[in-house]
Amino acid sequence: MSWFKIFSRKSKAGHSAASAAPRVSATAAQAPVEVAPDVADPLAGNALPKIAIITGASRPGSVNSSVAEWVLAQVAGRTDADVELVDIADFNLPLLDEAYPAAYQNYQNPATKAWSAKVSEFDGYIFVVHEYNHTAGPVLTNALSYLNAEFNNKAAGFVSYGSMGGARAVEHLRETLSELQLAHVRNQVMFSLFTDFENFSEFKPTEQNAGTLAPMVDQLVLWAKGFATVR
Ligand SMILES: Cc1cc2nc3c(=O)[nH]c(=O)nc-3n(C[C@H](O)[C@H](O)[C@H](O)COP(=O)(O)O)c2cc1C
């Protein structure tokens, strides 16, 4: 039995969560879903897929913003996507403080509602990821925990950094994004603290690693457009 079903059962037996949750009958939940995509206009009137560059840090002195701004500068000239920088710090999300799992979309707090509305605007995401203790940092994973449907059937790519290019952090994040039904592209941008940063703090990417951004974004834009047809 999944955690979601266990939560539902406990809620129905105990307190008021059941009344707030959407009612889905067992029959309806198992019925095949009919998808009728508007193939002629998969992006609902938007000429270009919207891509968010999402930061993921709060530490004073973090290099995350400088990497995110560099990504924005590199992709700003693209004619196949609208790209916007979204700084998680602007949303002042506390440690997860919503009563219900995100799958219910029964948000109580203004910060969650604002974060949900912003994430919903996009067809794809570039996550700027640092590595803490061989995994993704808590600011990003906390922010991801707030939402679910907002990410479903969309596409994502990673720009990571760390002593090993943030590779381990991104491998863990891929598992999380799979659960969020957010398709993550294979191509990945990895910056080394030793060679792409001066004194481990000033971002100065090598030409070789900088050159891996465009192929990742190419794949991301393709998938962002493709997934728009099935939403
Ligand atoms: C709590 C903490 C744990 C860290 N663990 C790792 C690690 O496991 N692997 C790694 O490559 N770097 C690790 N680092 C170094 C960070 O990758 C490096 O400090 C980087 O600049 C952090 O990103 P930030 O500037 O966005 O905070 C760690 C740093 C912190 C603060």
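1. Focus: the overall build of the chain
Alright, step 1. Helices and strands together make up the secondary structure of the chain, namely 9 helices and 9 strands.
Alright, step 2. Looking at the chain as a whole, 31% of its 231 residues are labelled buried.
Alright, step 3. The contacts in the chain between residues at least 6 apart in sequence include a share of 78% that link residues at least 24 apart.

2. Notes on the site of the ligand
Alright, step 1. Taken together, the neighbourhood of the ligand is formed by 14 residues, with S62, H130, Y132, G162 and S163 sitting nearest.
Alright, step 2. Among the elements that make up the shell around the ligand, the one with the highest residue count is strand β3 (residues 124–132) (3 residues).
Alright, step 3. Considered class by class, the residues forming the shell around the ligand number 5 nonpolar, 7 polar and 2 charged.

3. Digging into the environment of L173
Alright, step 1. Secondary-structure assignment places L173 in helix α7 (residues 167–179).
Alright, step 2. Sequence separation between L173 and L140 is 33 residues, and the spatial gap between their C-alpha atoms is 9.6 Å.

4. Things to note about the nonpolar core
Alright, step 1. Ranked by internal contacts, the top residues of the largest apolar core, which has 52 residues, are I126, F127, V128, V129 and L220.
Alright, step 2. Ranked by the residues each element gives to this core, the list is headed by helix α9 (residues 213–228), at 7 residues.
Alright, step 3. Excluding residues that lie within four positions of it along the chain, V129 makes contacts with G56, A136, L140, F158, S160, G166, A169, V170 and L173.

5. A look at the environment of D82
Alright, step 1. Within the secondary structure, D82 is located in strand β2 (residues 82–86).
Alright, step 2. Counting along the chain gives 31 residues from D82 to I51, while the straight-line C-alpha distance between them is 6.0 Å.

6. Points about the confidence of the model for the chain
Alright, step 1. Averaged over every residue, the pLDDT of the chain is 87; residues scoring 70 or more account for 80%.
Alright, step 2. Within the model, pLDDT remains below 50 along residues 1–40, and this stretch shows 22 contacts once partners closer than five positions in the same chain are excluded.

7. Considering helix α6 (residues 138–145)
Alright, step 1. Along α6, the positions that sit buried rather than exposed are V139, L140, A143 and L144. All buried residues of α6 fall inside an arc of 130° around its axis, so they share one side.
Alright, step 2. Where α6 is buried, its residues touch α5 (110–120), β3, β4 (135–136) and α7.

Thresholds, definitions, all that
Residues numbered from 1 in each chain as written. Predicted model: local features only at pLDDT ≥ 70, side-chain atom pairs only at ≥ 80, totals over all residues. Helix = DSSP H or I, 4+ residues; strand = E, 2+ residues; numbered from the N terminus. Buried ≥ 20, exposed ≤ 12 C-beta atoms within 10 Å, placed from the backbone. Contact = placed C-beta atoms within 7 Å. Near = placed C-beta within 6 Å. Nonpolar A, V, L, I, M, F, W, Y, C, P; charged D, E, K, R; others polar. Core = buried A, V, L, I, M, F, W, Y, C linked by C-beta atoms within 7 Å. pLDDT = per-residue confidence, 0-100. Arc of directions from axis to C-beta.

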